[in-house]
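Now for the letters of each chain:
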Amino acid sequence: MNGACFRETLRICRRWPDIMAIWKEDVRVEEERHVRANDREYNERFSYADNRIKTAKYNAFTFLPTNLFEQFQRVANAYFLILLILQLIPEISSLSWFTTIVPLVMVLAITAVKDATDDYFRHKSDQQVNTRQSQVLIKGTLQNEKWMNVRVGDIIKLENNQFVAADLLLLSSSEPYGLCYIETAELDGETNLKVRQALTVTSDLANDVARLADFNAEVICEPPNNKLDKFTGTLYWKDNKYSLDNEKMLLRGCVLRNTEWCFGLVIFAGLQTKLMQNCGSTKFKRTSIDRLMNTLVLWIFGFLICMGIILAIGNTIWEQRVGSEFWAYLQWNKFTSNAIFSGFLTFWSYVIILNTVVPISLYVSVEVLRLGHSYFINWDRRMYYSHKDTPAEARTTTLNEELGQVEFIFSDKTGTLTQNIMVFNKCSINGKTYGDVYDEFGHKVDITEKTPCVDFSFNPLRDRKFRFHDSSLVEAIKLEEPLVQEFFRLLALCHTVMPEERNEGELVYQAQSPDEGALVTAARNFGFVFRSRTPETITVYEMGQPVTYQLLAILDFNNVRKRMSVIVRTPKGQLKLYSKGADTILFDRLDPSNDELMYTTSEHLNEFAGEGLRTLALAYKDLDEDVFDEWMKQLLFASTSLDNREEKLGVLYEEIEQGLMLLGATAIEDKLQEGVPETIACLTLANIKIWVLTGDKLETAMNIGYSCNMLRDDMNEVFIISGHTTLEVQRELRAAKESIMGPSREIFSDGPDTEKTDIYSSDSVFEETIISEYALIINGHSLAHALEADLEQILVDVACLCKTVICCRVTPLQKALVVELIKRHKRAVTLAIGDGANDVSMIKTAHIGVGISGQEGMQAVLSSDYSFAQFRYLQRLLLVHGRWSYHRMCNFLCYFFYKNFAFTLVHFWYGFQCGFSAQTVYDQWFITLFNIVYTSLPVLSMGLFDQDVNEQYSLRYPNLYRPGQLNQLFNKRKFFTCTLHGICTSFILFFIPYGAFISAVRDDGTQISDQQAFAVTIATSLVIVVSVQIGLDTNYWTAVNHFFIWGSLAVYFAILFAMQSDGLFNIFPNQFTFIGTARNSLDQKIVWLVIFLTTVVCIMPMVAVRFIKTDCYPTQTDKVRLLQQATRRQGPQEQNLRRVRRTSSRRSAYAFAHQQGYGELITSGKNMKVTTSSTSTYPLSSPERCPGTRGAPDETTTEAETNNTGFKREFDQNQDVTVEDLEAR
Amino acid sequence: MMASSYNAKDEDGHHPGSVGSGGPGAVKSRKPDNTAFKQQRLPAWQPILTAGTVLPAFFTIGLVFIPIGIGLFVTSNNIKEFEIDYTGVDKSSPCFHCSHNYSWNSTSACTCSVPFTLEQSFESNVFMYYGLSNFYQNHRRYVKSRDDSQLNGDKSSLVNPSKECEPYRKSDEKAIAPCGAIANSLFNDTLELFYIHPNGNRTPIHLVKTGIAWWTDKHVKFRNPGGHDKNLSVAFQETSKPVNWLKPVYELDPTDPDNNGFINEDFIVWMRTAALPTFRKLFRIIQKKKDSNTPTLQPGNYTLEVTYNYPVRSFDGRKRMILSTISWMGGKNPFLGIAYMTVGAVCFFLGVVLLIIHHKYGNRNNNADIPN
């Protein structure tokens, strides 16, 4: 059910533009919404949308007209319709009506069937959603109603694990304080639970149906909008005003959790719910091949017109000089007696005949191919992530070949490159590091999967997934070294994590930041198990013994303080302050006696940072009872003060966090996703530039840069742009540029105008030749300046000269701007990959958007074109699927144009022989069927299955990707080549039979040089020639290809004989006039000799040209193909896996991954149930939670992943502010 | 190989969605099927154009085409063909006065006789063709100006022919049978052949006028209305003759009911429109004498007696009479033989050139230098 609903959301969102269009028409702008509870009459006056969802476009009666109307809006279809109309004019009609109508009807029918099935499923799922049951309070009783009958102003009752039917104002719930818990995975993808709280006045109503039925409050609120996290409104009830905010809203798409029941007032329904409003319009993306194809089709039209004009002029001249004398045999109709008019009519006749150069089947075939390629992506098991049961998904089926042309990848960091899983990796306690493994000679050993782990079996409460390799730390614990114990005690006490214990000993932590979770888990495994907490106490099992600390204060974390502390009273009555935070901050607050330790520790910290680990320093302090009492009083006073409360608290915190005693430091690994460095290396080899755009800090971003191997120590220089003003940024950028280009090119930094033109022309050449490696790191402030009009050029220049570009601290809007910048300046295909809501803008902006599914939420996936679960699949998507798609599409197009030119232009040559009368060479049936029957399937099967190089080799030689980026396989030149090839073929196809038929007779003396035999001969030659050609173009002959190619030939002959059989002629003598021609011509040796000769003459030059090309100027692909063939003969070889070694260097780094903490919530006890026992105190702990979570991770990862989302969302909100700031500016 | 490793992963990774969906029974994994088709691993033949395949192909084609070409050429040359233009353009030509005076409106026939000499004897069956030049039988308006169902004996089409036949559809309110421009312009010269003995006697040569059309045309495509038994003049009574014709369709060959009306073979041959503006159509067959060893046409003088009914001068046309023998490849056709020899030679030559290029510049071992 969960999954179904989720997919419904996806589906609705895809269809959103249409819905939007329908909806906009009939709703006037609503400025304020008035909703009165339990008063349908009142509410109906405003005609708010009801709760019915309608995504289907058609019904049974409107389907045909609407669908046809839509289809004829497409240019190609309209064109063919016009042709059809032209053909109805007898004077013009050079073809029977069926030659156009049969393909047109087939195309329309295929599209209509597809639309109809789509719509059928929409109807079905609409139906399913609309008929869901919910309990509505009607006339004082609770009645079951279908969702679609729910109206604005109704009060409905929800039960646990039910979907919220509409956007509700929470009135009351089963939980204390009117709290209720919801899961918003459908809405924003966050899998953690959120708390909603009803107004006190309404929560008193509880589940008293009678009182609820009397509830007649009026809500005045904002009109429908798409802001998921904002709601403003006022509730008027009993002459009182209550302000409403988002914390009191339950939005459609959420699921009620851990709450037995709740009542809500419907505020927005149906299409006006935030879920529906939030889908956003999808921008229609087209590939560059699409655009090229459109241009080419226009050119072909031009070409067609030209040929028409040439032939029309020919006709005019012919009519004047020959035709006028020929009247005795061929009288003119009255109105065609004018030669010029005849030429005019001929023009249209030839337009009809030659229309097959732009075949209607082209567009359909291209769509079919893309759809097929999309299915191959969906079916690829190597892009399926079994841990989350997510296969890759091509959500857009029209972009596949562009995957083979990507030049720039813009990647998010958190959740995309990294798993956002933190692992406690090393620590330094009292000047001694733990975490490294040494062999018997005292050398450091690289930690791999096989390195033995420390045995934590002494601890029954351990987390089994926790791994640590250095056993000396456990020994230290077992030896009860006091500082080591204090270290872990600190970790177990100083945090805002919530424990959850489902069964005895089965602890799960709900941490706000994954770092904290990692630290508490580490403490747990080392014997300091944080087991439960109440607002006033923390219970820790220290080496199996329960110890309850009194929690006196939480000095919470924020971005300025960069540290958090707790003050606890130990069972022995000691007062202690435990603090953890950024090393730079904590070191300033240490007691002077710590200097030596601080020195060693900071060395260790450097070491940790050098390995890309995130570090925290830990310190404690014993407090005096008196000092603390005094301080506590001040704290209470400050916390109740109305103005400058934060500031006052800050000062107080500062006061007590002084003279700390250093304990040590922790090092946490921000785990990269599997295979990230390898993928990046491989994509880099494919000449794809990868830019990391992250909201993270500079240091973190750089760390990841190093661990992904994007930054390396052997790079010539890493430029860091962090200026705060435009001038600074400009100076820094110029300096960077000069140092790359060398001093000789300083001249360019003069006027901005000369700069632009000069640099643009010269750099593109120059940048290819730069061998030294540079990296550019730019932060958000500077980026804002650099994106201004007069700096963006130099930014692009510098960025493109660098191997690696990392933008940190960027807002979602900036991400999109950067992508836009490259799109504008580089004419390159861009790809954006990300997992979170903050990546949506860039995903939508880039040519191709890829969403990482199952990580952070569904928003990125919803707006993406492709989605999969792991960053590393990108390699396969681009280098295998993208490359194949591009290769196939290009080959397909080349062949298609070739084929149609070869087919159609025979008429042009024939024009010179038949008085330019628009007589067709072929039988009309042949013209009708050529494109859709005789030649469609072989080329389709090539377009679907062809593989120039198999997948292993595609991945092993990433530079095979290069032709796509350079647009080498299909461009205007290629187009000319293949049309020229087609024209030559048509020439040969016409003139060889022409030469042979001038005086030919059958071997019984009867004639064979008649038009019909001529037509059959040329048609047969044509079919054979194009079949042989497709055979030459096919690199990968699967059984399907064989079947289609041979089958097409067989079908050709079968249809040929059938169409020219006696039976059909006897039924329709006027339609099948070719009776017997095939029999009488194809039994002649001379005809076969002509066909054979034509085929050889058409094919062999191409074979020679291709052979010379591959033999003398082999492309990369040719070489690899040869190699592949050679190895196949020798038998399979073991593939050498590329291993990328990480390098390390000394970099200082600090990271603390969370924002303002939960501290207040904990101390106030609001989020703890009073009624339930202490083992499952925290609301998140309810057992329903995990199973119900769609795509939730398995238990091993729950803790970290559930919680990182909360942090990330807040982070996103912070960024939103910046976006607005930017926009304001 | 890959598959097995994935399976292994599957077993330890558990599916979170499987429990929560509420429904009983196992929830299907969304893992794609492991079929060769879906994984794009269909076994395939992957040909590459290498020297090993291309060069032999060129040489083979060369070696096959040249003999075929020579064969065709020799055969074609052995065919005896005699052609005479009797249009009468020159003043000196015997048909000059006919060509000059005759038009469609003339009532009296004009005859002329054209003498000619055969240098060689014609063995076996000799085929007599008439050839027309500059006659656009392939013009669109001409080609479509016919009604096949009328020609197929359809009663309703007989009296109500297709609109395609305009303006040769009706005359004097009566439907024209056969209608259309093609039928209207039926070639109606009469050609007779006489052997002039050295002593001056003229012996007429027997010309067979059946067996000159395709069997399918004669027996399937063309049918008289009302079947065989009926009197043709009755069958055609509601129709009128084509404007240009001298006699109605049922009098095309009054002597032979199987060759009269729509199934008259001269008519059928004419109705099979030529592909090109210069064409020849089979007119008569001079059959080999069965009993004697004398050639069908022995060398000597002949006269072609022409009843000149068919004006072509208006459009600068030419009329020819052709006598030809045939071989297994049909009539005389030097083009194919020459084309085959040329193509064969070119292919062979190309093969040599490619071989040289391959040896000199070709990258025979280019596997080694693939970067990365």
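None of the values given here were measured: they were computed from a predicted structure. (Residues numbered from 1 in each chain as written. Chains lettered and ligands numbered in written order. Predicted model: local features only at pLDDT ≥ 70, side-chain atom pairs only at ≥ 80, totals over all residues. Heavy atoms only, no water.)

Residues and elements named next belong to chain A. Pairing in this open sheet of nine strands is mixed, and the strands run β14-β35-β34-β33-β15-β29-β32-β31-β30 from one edge to the other. Whereas interior strands pair on both sides, the edge strands pair on one side only; in this sheet they are β14 (393–394) and β30 (717–721). Two elements, strand β15 (residues 406–411) and strand β33 (residues 829–834), share five bridges in a ladder whose sense is parallel. When the bridges of β33 are listed, V406 appears paired with V829. Sheet strands touched by helix α22 (residues 698–707): β30, β31 (774–779) and β32 (804–808). Its angle to β32, the strand with the most contacts, is close to 150°. Each of β15, β33, β34 (848–852) and β35 (866–868) touches helix α30 (residues 873–904); the most contacted strand, β35, lies at about 140° to it. (Pairing = 2+ DSSP bridges. Helix = DSSP H or I, 4+ residues; strand = E, 2+ residues; numbered from the N terminus. Contact = heavy atoms within 4.5 Å. Axes fitted to C-alpha atoms, helices over the stretch in contact; angles between N-to-C directions.)

Right, let's get into the interface of chain B and chain A. The figure often quoted for interface size is the accessible area lost as the parts come together. Between chain B and chain A, the contact holds 117 residues from the first and 128 residues from the second. Roughly 10,600 Å² of surface becomes buried between chain B and chain A when both sides are summed, with 58% attributable to carbon and sulfur atoms. Contact with chain A buries surface across chain B, with B:Q40, B:R140 and B:W214 losing the most and accounting together for 8% of the total. There are two salt bridges connecting chain B and chain A. Note that B:R141 is salt-bridged to A:E319, the shortest N-O span being 3.2 Å. Here chain B and chain A share 37 residue pairs in polar contact (both at pLDDT 80 or more) between them. Partitioning the side of chain B that touches chain A into residue classes produces 61 nonpolar, 35 polar and 21 charged. (Buried area = accessible area lost by both parts, 1.4 Å probe. Salt bridge = Lys/Arg side-chain N within 4 Å of Asp/Glu carboxyl O. Polar contact = N/O pair within 3.5 Å; in protein donor to acceptor, adjacent residues only side chain to side chain. Nonpolar A, V, L, I, M, F, W, Y, C, P; charged D, E, K, R; others polar.)

Moving on to the sheet that holds strand β4 (residues 170–171) of chain B. The three strands lie next to each other as β4-β5-β8 (chain B), forming an open sheet whose pairing is mixed. What marks the edges here is a single partner per strand, and that holds for β4 and β8 (239–240) of chain B.

Further remarks concern the side chain of A:T935. Residues and elements named next belong to chain A. With respect to the element layout, T935 can be found in the loop between α32 (924–934) and α33 (936–945). Reaching out from T935, the side chain makes a polar contact with the backbone oxygen of F930 at a distance of 2.8 Å. The residues contacting T935, other than those within four sequence positions of it, are K899, F930 and V1026.

A few words on the nonpolar core. Formed by 207 residues in total, the largest nonpolar core has its most connected members in B:W270, B:L304 and B:L323. With 14 residues, the top contributor of residues to this core is helix α41 (residues 1085–1112) of chain A. In this view, B:L304 contacts B:I84, B:Y86, B:C112, B:S113, B:V114, B:F116, B:M128, B:L191, B:E192, B:L193 and B:M321; residues no more than four positions away in its chain are not counted. (Core = buried A, V, L, I, M, F, W, Y, C linked by side-chain atoms within 4.5 Å. Buried < 20%, exposed > 50% of the residue type's maximum accessible area, 1.4 Å probe, protein only.)

Here the structure, examined in full by the defined rule, presents 50 salt bridges over all chains. Among the salt bridges present, the one from A:K803 reaches A:E773, with a minimum N-O distance of 3.8 Å. Of this pair, A:K803 sits in the loop between α26 (789–801) and β32 while A:E773 sits in the loop between α24 (752–769) and β31, placing them 30 residues apart in sequence. By relative accessible area, which is 43% here, A:K803 ends up partly exposed. B:E166 is paired through a salt bridge with B:R169; the nearest N and O atoms lie 3.6 Å apart. Residues joined in a network through salt bridges with shared partners are A:E486, A:R489, A:E542, A:K576 and A:D622.

All names here are of chain B. Applying the stated criterion across every chain, the model contains three disulfides over all chains. Disulfide partner of C95: C112, at an S-S distance of 1.9 Å. An S-S torsion of about 80° defines the bridge between C95 and C112 as right-handed. Linking C95 in the loop between β1 (81–85) and α4 (96–101) with C112 in strand β2 (residues 110–118), this pair joins segments that are 17 residues apart in sequence. According to the relative accessible area criterion, C112 is buried, its value standing at 5%. Two residues share a disulfide in this structure: C98 and C110, whose sulfurs sit 1.8 Å from each other. Because the sign of the S-S torsion sets the handedness, a value of about -85° for the bond joining C98 and C110 places this disulfide among the left-handed ones. Of this pair, C98 sits in helix α4 while C110 is found in strand β2, placing the two residues twelve residues apart along the sequence. Each member of the pair C98 and C110 is classed as buried. (Disulfide = S-S within 2.5 Å.)

Those residues carrying the UniProt feature "domain: P-type ATPase C-terminal" (unreviewed entry) are residues 861–1115 of chain A in this numbering. Within the segment residues 861–1115 of chain A, helix and strand shares are 71% and 1% respectively, and the terminal C-alpha atoms sit 37 Å apart. (UniProt positions renumbered as here; feature names shortened; annotations may be inferred.)

With that settled, consider a negative patch on the surface. Residues and elements named next belong to chain A. A cluster of acidic residues, D624, D626, D629, E630 and E655, forms a negative patch at the surface. Per-element accounting of the negative patch gives the leading share, three residues, to helix α19 (residues 625–640). Mapping D624 onto the fold places it in the loop between β27 (613–623) and α19. (Patch = residues over 30% accessible without salt bridge, like charges linked within 9 Å, V, L, I, M, F, W, Y side chains within 5 Å. Areas by Shrake-Rupley, 256 points an atom, 1.4 Å probe, with all protein chains shown as cover. Lys, Arg positive; Asp, Glu negative; His and termini not counted. Charge placed at Lys NZ, Arg CZ, Asp CG, Glu CD.)

A few words on the UniProt feature "domain: P-type ATPase N-terminal" (unreviewed entry) in chain A. The positions that UniProt labels "domain: P-type ATPase N-terminal" (unreviewed entry) are, in the present scheme, residues 35–101 of chain A. Across residues 35–101 of chain A, the secondary structure splits into 49% helix and 3% strand, with the terminal C-alpha atoms separated by 56 Å.

Attention shifts here to the packing of helix α3 (residues 51–78) of chain B against helix α12 (residues 334–360) of chain B. Residue and element names in this part refer to chain B. Running from amino to carboxyl end, α3 crosses α12 at an angle of 155°, the nearest separation of the two axes being 7 Å. With respect to α12, the element α3 is oriented roughly antiparallel. Considering how the two elements wind past one another, α3 and α12 form a crossing that is left-handed. Across the contact of α3 with α12, the residue classes break down as 26 nonpolar, seven polar and no charged. (Parallel < 35°, antiparallel > 145°, perpendicular 65-115°, else oblique. Left-handed = near helix turned anticlockwise from the far one by under 90°.)

Positionally, A:I101 belongs in helix α6 (residues 97–130). Residues A:I101 and A:G1076, 975 residues apart in the sequence, show an inter-C-alpha distance of 26 Å.

All names here are of chain A. This structure, assessed with the given rule, holds 96 aromatic pairs over all chains. For the pair F487 and F488, a centre-to-centre distance of 5.1 Å together with 85° between the ring planes defines the contact as edge-to-face. Residue F487 is classed as buried on the basis of its relative accessible area of 0%. Where F987 meets F991, the ring centres are 4.6 Å apart and the plane angle is 40°; that geometry is what we call tilted. (Phe/Tyr/Trp six-rings, centres within 6.5 Å; stacked < 30°, edge-to-face > 60°.)

A separate point is the side chain of A:D923. As for its position among the elements, A:D923 is in the loop between α31 (906–911) and α32. For the buried residue A:D923, which engages in no salt bridge, the nearest side chain bearing the opposite charge is B:K221, 10 Å off. The residues contacting A:D923, other than those within four sequence positions of it, are A:A1015, A:Q1060 and A:F1074.

With that settled, the discussion passes to the confidence of the model for chain A. Residues and elements named next belong to chain A. When the pLDDT values of chain A are averaged, the result is 80; 84% of them are 70 or greater. Across residues 1134–1155, where pLDDT falls below 50, the model places 77 contacts with residues more than four positions away in sequence or in other chains. Low confidence marks residues 1169–1225, where pLDDT is under 50. Its contacts with residues over four positions away, or in another chain, come to 127 contacts. (pLDDT = per-residue confidence, 0-100.)

Further remarks concern the environment of A:V1023. Residue and element names in this part refer to chain A. For V1023, the position within the fold is in helix α37 (residues 1011–1033). Taking the C-alpha atoms as reference points, V1023 and F903, 120 residues apart in sequence, are found 9.0 Å from one another. Ignoring sequence-local partners within four residues, the contact set of V1023 consists of F926, F930, L1049 and Y1052.

Regular strands have side chains that alternate between both faces of the sheet. Residue and element names in this part refer to chain A. Most of strand β13 (residues 261–268) is tucked away, with eight of its eight residues classed as buried. Direction of pairing for strand β4 (residues 155–159) relative to β13: antiparallel, over a ladder of five bridges. Across the sheet, K157 pairs through a bridge with F263, a residue of β13. Pairing analysis gives six bridges linking strand β5 (residues 167–173) to β13, with the strands arranged antiparallel. From the neighbouring strand, S173 faces β13, where its bridge partner is C262.

Another point: unusual backbone geometry. Residue B:P167 follows B:E166 across a cis peptide bond; omega there is 0°. Relative to the helices and strands, B:P167 resides in the loop between α7 (155–159) and β4. Between B:A177 and the following residue, B:P178, the backbone shows a cis peptide bond with an omega angle of -10°. With respect to the helices and strands, B:P178 occurs in the loop between β5 (174–176) and α8 (181–184). One non-glycine residue, A:R827, lies in positive phi territory at about 45°. Residue position: A:R827 is located in the loop between α27 (812–826) and β33. When its relative accessible area of 76% is taken as the criterion, A:R827 is described as exposed. Non-glycine residue B:S124 carries a positive phi angle of around 55°. Position of B:S124 relative to the elements: it lies in the loop between β2 and β3 (126–133). Relative accessible area serves as the criterion here: at 40%, B:S124 is assigned to the partly exposed category.

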